[in-house]
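Single-letter residue listing:
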Amino acid sequence: MSLLIAPSLLSANFGKLSEDIEFINNSKADWFHVDVMDGVFVPNISFGFPVMKTLQKEAKKPLDVHLMIQNADLYLEEFAKHGTYMCSVHFEACTHLHRTIQNIKALGMKASVVLNPSTPIHLLEDIIHELDVVLLMSVNPGFGGQKFIPHTMVKVRALKQMLNERSLSTLIQVDGGVDPSNARKLEEAGADVVVAGNAVFGAANRDEAIALIKG
Ligand code: DX5
Ligand code: ZN
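Residues numbered from 1 in each chain as written. Chains lettered and ligands numbered in written order. Predicted model: local features only at pLDDT ≥ 70, side-chain atom pairs only at ≥ 80, totals over all residues. Heavy atoms only, no water.

Next up on the list: the site of ligand 1. Among the 20 residues in the neighbourhood of ligand 1, the closest are listed as Asp35, Gly142, Gly145, Asp175 and Gly197. Side-chain polar atom of Asp35 to an oxygen atom of ligand 1: 2.8 Å apart, as the coordinates give it. Within the contact set of ligand 1, an oxygen atom lies 2.9 Å away from a backbone nitrogen or oxygen of Asn198. For ligand 1, whose unbound accessible area comes to 380 Å², protein coverage reaches 99%. Counting residues per element, the ones that place at least two in the shell around ligand 1 are strand 2 (32–37), strand 3 (63–68) and strand 8 (193–196). With three residues, strand 2 is the single largest residue contributor to the shell around ligand 1. (Near = heavy atom within 4 Å. Polar contact = N/O pair within 3.5 Å; in protein donor to acceptor, adjacent residues only side chain to side chain. Areas by Shrake-Rupley, 256 points an atom, 1.4 Å probe, with all protein chains shown as cover. Helix = DSSP H or I, 4+ residues; strand = E, 2+ residues; numbered from the N terminus.)

Further remarks concern the coordination of the zinc ion (ligand 2). At this site the zinc ion (ligand 2) is bound by His33 (NE2), Asp35 (OD), His66 (ND1) and Asp175 (OD), with donor distances of 2.1 to 2.3 Å. For the zinc ion (ligand 2), the six donor atoms are set out with angles of 71 to 172° between them, so the coordination reads as octahedral. Of note, the donors binding the zinc ion (ligand 2) are all from one chain and are spaced H-x1-D-x30-H-x108-D. The residues His33 and Asp35 share a single accessibility class, namely buried. (Donors = N, O, S within 2.8 Å, 3.2 Å for Na, K, Ca; no water. Tetrahedral: all angles 85-135°; square planar, octahedral: opposite > 155°, others 65-115°. Buried < 20%, exposed > 50% of the residue type's maximum accessible area, 1.4 Å probe, protein only.)

In this section: the sheet that holds strand 7 (residues 171–175). The eight strands lie next to each other as 1-8-7-6-5-4-3-2, forming an open sheet whose pairing is parallel. Sheet topology places strand 1 (4–7) and strand 2 at the edges, where each strand pairs with a single neighbour. Going across the sheet, the axis of each strand differs from the next one's by a mean of 25°, ignoring polarity. The pairing of strand 3 with strand 4 (residues 84–90) spans five bridges and is parallel. In the sheet register, Leu63 faces strand 4, and the bridge partner there is Thr84. Here helix 4 (residues 97–106) sits on the sheet and contacts strand 4 and strand 5 (110–115); the angle it forms with strand 5, its principal contact strand, is near 145°. (Pairing = 2+ DSSP bridges. Axes fitted to C-alpha atoms, helices over the stretch in contact; angles between N-to-C directions. Contact = heavy atoms within 4.5 Å.)

Dropping the structure here:
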């Protein structure tokens with residue numbers, strides 16, 4: 001099976017958002033990756049519910065919502081109402097992570113936990129069996145178009161081993177600086193899904209970029 005790809009709308013043209021949504025609808029991409037930033041957890045502010053509303057109306061593929069925000073619990077219900085398929089929260093931003101995961105699932109969304117590049121995967125030992133996806137950041141969150149951090153490969157392999165040891169089918173997702181030059185290595189290491197912003201929306205031929213990354 002080839003890698004799943006979730007193009008990140010952070011790199012889309014917000015002046016012509018509907019066109020870029022339609023492009024993804026008609027492409028071989030699998031999910032829409034939706035980066036929500038609050039300017040507190042990360043040093044950038046992206047977008048919120050008005051954009052979610054447009055996506056809910058126009059996107060024909062699952063909405064993979066990556067929350068880079070503090071106090072995620074306050075907003076989960078609203079994200080569920082806006083059509084979120086999978087909700088990713090940061091390990092580093094959730095004090096009561098178990099409760100947050102239960103809340104996500106109770107609202108009917110798939111649950112995912114995100115680890116920053118410096119957060120070790122062993123910290124997931126007591127929550128991993130509750131998760132549909134683990135998202136490993138391969139850049140420091142906050143901006144698109146950054147360089148892939150090579151140590152991510154080691155983390156993907158270790159996470160795959162952790163899942164195998166527990167006979168879990170949790171998906172491994174990687175986000176940040178993914179392009180055709182590292183996608184195959186990520187797949188070999190055990191990744192199931194990759195996010196790609198710049199590598200898709202910045203490509204001269206976006207369909208070709210998607211095909212090369214999926215493999
Ligand atoms: C970074 C975001 C990523 C980002 C990926 O904080 O979580 O999803 O948009 O963009 P690229 O693929 O350009 O690194
Ligand atoms: Zn993201």
